[in-house]
Amino acid sequence: MLEIKNLHVQLEEEDKKILKGVNLSLEAGKVHAIMGPNGSGKSTLSYVLSGKKGYEVTAGSAHLEGNDLLAMAPEERAAAGLFLAFQYPVEIPGVGNMTFLRSAVNSQQKLRGEPEMTAGDFLKAVRAQAKNLKIESDMLKRPVNVGFSGGEKKRNEILQMAMLQPKMCILDETDSGLDVDAMKLVSQGVNALRDGNRTFLVITHYQRLLDHIKPDIVHIMAAGKIIKSGGPELALEVEKNGYANLLEETA
Amino acid sequence: MACSSSTDLAKKLCLDESLWANSGQWIKNARQSAAKRVEDQGLPKRRDEYWNYTRPDAFLQKELDFDVVSNQSFDIFSNNLSTVINYEDGVLKEKLLPVISGCSIESLQDAAKLDDHWAGAVYGVPEAAGQDPVKRSLAALNTATASQGLLLLVSGKVKNPIKISAVSNGSIDSTIHHIVKVEAGAEVTLIETGQYGARANVVLEVEVEKNGSFHHIRVQDGQQHNSLTHIFGRLGPNSTFKSFTLSVGGTITRNECILELVGDTSSATVAGACIGDDKFHHDDTVFVTHGAPNCESRQVFKKVLRDGAVGVFQGKILVKEGAQKTDGYQISQSLLLDDNCQFLAKPELEIYADDVVCSHGSTSGAIDEEALFYLRSRGVPKTKAIDLLTLSFIAESIEEVENSELADALLRYLTAFLEVR
Ligand SMILES: Nc1ncnc2c1ncn2[C@@H]1O[C@H](COP(=O)(O)OP(=O)(O)O)[C@@H](O)[C@H]1O
Ligand SMILES: [Mg+2]
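What counts, and at which threshold
Residues numbered from 1 in each chain as written. Chains lettered and ligands numbered in written order. Predicted model: local features only at pLDDT ≥ 70, side-chain atom pairs only at ≥ 80, totals over all residues. Heavy atoms only, no water. Phe/Tyr/Trp six-rings, centres within 6.5 Å; stacked < 30°, edge-to-face > 60°. Helix = DSSP H or I, 4+ residues; strand = E, 2+ residues; numbered from the N terminus. Buried < 20%, exposed > 50% of the residue type's maximum accessible area, 1.4 Å probe, protein only. Lys NZ or Arg CZ within 6 Å of the ring centre and 35° of its normal. pLDDT = per-residue confidence, 0-100. Domains from an automatic or database assignment. Contact = heavy atoms within 4.5 Å. Buried area = accessible area lost by both parts, 1.4 Å probe. Salt bridge = Lys/Arg side-chain N within 4 Å of Asp/Glu carboxyl O. Polar contact = N/O pair within 3.5 Å; in protein donor to acceptor, adjacent residues only side chain to side chain. Expected span 1.5 Å × (residues − 1). 1 Å grid on protein atoms, 1.4 Å probe; cavity = no way out; pocket = protein on both sides within 12 Å on 5 of 7 lines; lining within 4 Å. Points joined across faces, edges and corners; volume = space filled by probe spheres on them. Nonpolar A, V, L, I, M, F, W, Y, C, P; charged D, E, K, R; others polar. Pairing = 2+ DSSP bridges. Axes fitted to C-alpha atoms, helices over the stretch in contact; angles between N-to-C directions.

1. Some words on the packing of aromatic side chains
Then comes step 1: Under the definition given, this model contains twelve aromatic pairs over all chains.
Then comes step 2: Judged by centre distance (5.3 Å) and plane angle (40°), the rings of phenylalanine 301 of chain B and phenylalanine 313 of chain B are tilted. Here phenylalanine 301 of chain B, found in strand 15 (residues 296-306), pairs with phenylalanine 313 of chain B, found in strand 16 (residues 310-319); they are twelve residues apart in sequence, far enough to count as distant. Like phenylalanine 313 of chain B, phenylalanine 301 of chain B is buried.
Then comes step 3: One residue, arginine 102 of chain A, lies across the ring of phenylalanine 122 of chain A, its end atom 5.3 Å from the ring centre.
Then comes step 4: Across from the ring centre of tryptophan 51 of chain B, 3.8 Å away, lies the NZ or CZ of arginine 254 of chain B, which sits over that ring.

2. Some remarks on the confidence of the model for chain A
When pLDDT drops low, the exact placement of atoms in the prediction is not to be read closely.
Then comes step 1: In the predicted model, chain A carries a mean pLDDT of 91, and the fraction of residues at 70 or more is 99%.
Then comes step 2: Looking over chain A, one finds the lowest element-wise mean pLDDT in helix 10 (residues 244-250) of chain A, namely 74, and the highest in strand 6 (residues 82-85) of chain A, namely 97.

3. Side note on the domain arrangement of chain B
Residues and elements named next belong to chain B.
Then comes step 1: By the assigned domains, chain B splits into domain 1 (6-263) and domain 2 (368-421).
Then comes step 2: For domain 1 and domain 2, the distance between their C-alpha centroids amounts to 31 Å.
Then comes step 3: Residue-level contacts link 16 residues of domain 1 with 13 residues of domain 2.
Then comes step 4: Overall, the association of domain 1 and domain 2 removes approximately 1300 Å² of surface from exposure, summing both partners, and the carbon and sulfur fraction of that is 73%.
Then comes step 5: The largest contributions to the domain 1 side of the interface with domain 2 come from Asn80, Phe244 and Val248, which together make up 37% of the buried area.
Then comes step 6: The tally of links from domain 1 across to domain 2 stands at one salt bridge.
Then comes step 7: A salt bridge links lysine 242 to glutamate 402; the nearest nitrogen and oxygen atoms lie 3.5 Å apart.
Then comes step 8: Joining domain 1 to domain 2, the criterion identifies two residue pairs in polar contact (both at pLDDT 80 or more).

4. Side note on helix 3 (residues 25-41) of chain B
Residues and elements named next belong to chain B.
Then comes step 1: For helix 3, built from 17 residues, the straight-helix expectation of 24 Å at 1.5 Å per residue is met to within 8% by its first-to-last C-alpha distance of 24 Å.
Then comes step 2: Considered for burial, the residues of helix 3 that qualify are Trp26, Ile27, Ala30, Arg31, Ala34, Ala35, Arg37, Val38 and Glu39.
Then comes step 3: One or two positions beyond helix 3, positive phi appears at glycine 42, with a value near 75°.

5. Describing empty space enclosed by the protein
Residues and elements named next belong to chain B.
Then comes step 1: In this structure the tally under the stated criterion is three cavities of 30 Å³ or more.
Then comes step 2: What lines the largest cavity is a set of 14 residues, and nearest its centre among them are Gly194, Gln195, Tyr196, Arg218 and Gln220.
Then comes step 3: Listed by contribution, the elements that provide at least two residues to the lining of the largest cavity are strand 7 (187-194), strand 8 (199-208), strand 9 (213-220) and strand 10 (226-235).
Then comes step 4: Residues of the lining of the largest cavity, tallied by class, amount to five nonpolar, seven polar and two charged.
Then comes step 5: Computed from the structure, the second largest cavity encloses a volume of approximately 90 Å³.

6. Remarks on the sheet that holds strand 5 (residues 67-68) of chain A
Residue and element names in this part refer to chain A.
Then comes step 1: Strands sit in the order 2-1-4-5 across an open sheet of four strands; the sheet is antiparallel. Unpaired on one side and paired on the other, strand 2 (17-26) and strand 5 mark the two borders of the sheet.
Then comes step 2: When strand 4 (residues 55-64) meets strand 5, the two strands line up antiparallel, connected through two bridges. Within strand 5, the position partnered with histidine 63 by the bridge is aspartate 68.
Then comes step 3: Against the sheet, helix 1 (residues 42-50) makes contact with strand 1 (2-11), strand 2 and strand 4, and its axis sits at roughly 105° relative to strand 1, the strand it touches most.

7. Topic: the interface of chain A and chain B
Then comes step 1: Between chain A and chain B, the contact holds 31 residues from the first and 17 residues from the second.
Then comes step 2: Buried area between chain A and chain B, summed over both chains or domains, comes out near 1900 Å², and the portion from carbon and sulfur atoms is 66%.
Then comes step 3: At the surface where chain A touches chain B, the tally comes to four salt bridges.
Then comes step 4: At the boundary of chain A and chain B, one finds eleven residue pairs in polar contact (both at pLDDT 80 or more).

8. Here we look at the sheet that holds strand 16 of chain B
Residue and element names in this part refer to chain B.
Then comes step 1: Sheet architecture is open: nine strands sit in the order 3-4-6-8-10-12-14-16-18, paired in mixed fashion. Of all the strands in the sheet, just strand 3 (103-107) and strand 18 (342-351) have a single pairing partner and so form its edges. Pairwise comparison of adjacent strand axes, ignoring direction, gives a mean angle of 10° for this sheet.
Then comes step 2: Where strand 10 and strand 12 (residues 252-261) come together, nine bridges link them in parallel fashion. Across the sheet, serine 227 pairs through a bridge with threonine 253, a residue of strand 12.

9. A short note on the pattern of salt bridges
Charged atoms that come close allow side chains of opposite charge to pair.
All names here are of chain B.
Then comes step 1: Under the definition given, this model contains 33 salt bridges over all chains.
Then comes step 2: Glutamate 127 serves as the salt-bridge partner of arginine 37, at 2.7 Å between the closest nitrogen and oxygen. Separated by 90 residues along the polypeptide, arginine 37 in helix 3 and glutamate 127 in helix 6 (residues 125-129) bring together distant segments of the chain.
Then comes step 3: Given the relative accessible area of 15%, arginine 37 is considered buried.
Then comes step 4: Across the pair arginine 46 and aspartate 57 runs a salt bridge, and its minimum N-O distance is 2.8 Å. Of this pair, arginine 46 sits in the loop between helix 3 and helix 4 (57-60) while aspartate 57 sits in helix 4; the two residues are eleven residues apart in sequence, bridging distant segments of the chain.
Then comes step 5: We classify arginine 46 as partly exposed; its relative accessible area is 45%.
Then comes step 6: Judged by relative accessible area, which is 22%, aspartate 57 ranks as partly exposed.
Then comes step 7: If you follow the salt bridges from partner to partner, you end up with Arg136, Arg254, Glu256 and Asp283 in one network.

Now the structure itself:
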């Protein structure tokens, strides 16, 4: 599904290298987790894959189902099936959450040359998904993420994911700022989308999210590289011993 | 001879027989004193401080400096119930004016034939008062020469808005002077759409008496045309005045609004939004005088500029001695869609009372890149995402429109406008 080869990334504005040769191969239907200390480059990887400005790819490649992601505009990547649940969802005053969701769904369908969803079907679908995520109708009417609590913002990300039905979902620290109940809701939302074909890359700092969203493979990222990959037990090891041992091991 | 004057301009005004033939005494008096104001004050010059950001030439020179195109207007409010009055090339098209409950509607040209008319106490009066401390001679020139306009005497709560729909087809210079008197406790909403001429000098004088309420919504669209508009308003005790202008067309536009809050606990809002490209030059010049205690005023302006367009905002709040507990607010913001455009803002406060709250702010910014990326990452194409953010920027000023049906119509129109831009 997603093939990342030898990805090197630095900042456009200054000479700072962040990713230093990332290799990842995600098969369709699998859940991969990336763990790693703060500042290791996890968010940068997710931004570069989704097309944020400010980063320069100096070497390497990223392909989604064989399509060169790095050559596409952010909206084209989305239409191709990529979705990033932001670590820090952006507030957009003046744009209603519903309007936003509707334009996103319609735009993607248009870009893919599919027929647009009718207003009625769209509304039904949003209501059903919002209900599962315990999102009040009031939150749908408010401007995108404005005045939302940390947990509400994250649930709103999952709502968008559920509506857009992407093939490749990247979740960047979706667990941060969530209490236990909210974490369960969000995990249920994610798990409901697992259909044997949809692929997930779950970025997290802590193991606890992985109790709810069970990964097939766990990668450890440090200083811009994947330093170790393994099964779910790797996450438990990190939880127990922290990153220090692993870092020494590979140093 | 209707008057005797020394300057060329004033002489010309006095000699324009068509203005004076069959004219009643009240309008003769008003025109004569306005002509005198023009003569005494002279016309605006480039070096005048008040015309620092917008050259007055566009409204003074003999010839129009662009090819005139027929200006099509889109009727934004066609779905809303209203009493419609049409103007074409600066001339009233209706043979008979509508008769509605709560408001008498007359044309200036008919009223001018009478020797005595209620309008005599309003026509040119707020305009004359508005000449101090800043000279607005082009408004006085309008008072002296206008032969077209509507006179609204509002005595009750008028249910549906009165809509003036104007179109222009040719190289017409038009001078329009409307007056509105809202009597105690009465209410009216006036809508103006389109443009009166390839070049228009428009004055709207509004007198709102105790507990009265005046709402004004204006849409300036069409292609190339230059407009100079003045609104002069006087607010009595506990009265409300709200004016909102959306400008999505025109070349050079200067909208002045001069309000005087003379009665206690009166409330005034002047708001506007514009979107323009290229040679679009849009100037909002506002002067709000608080002359009584416990009044509030709001000025809210948004300008979206692209490809060389220029936006100007000159806004002043003057709080006179004794106007305690004044609550004055002023904000002007621009969204610059590229590096070529300019926003020039001159916000001013002048306060002679000690117990007042006045705040003002002015900002100028580009599209929020974080928000743009967020939208695009969800599949919204760049141009559409910019439109959404533009709309959200403007929406805040449309919130100043109290009638939600009309506010929705404005938003719908803007959405459609941005899509085809
Ligand atoms: N736009 C940016 N400007 C400056 N520094 C950045 C930027 N993006 C990332 N960095 C730096 O790159 C490193 C990796 O950051 P990030 O990808 O956010 O790490 P993580 O998500 O793993 O915590 C950090 O040192 C961070 O400060
Ligand atoms: Mg991060």
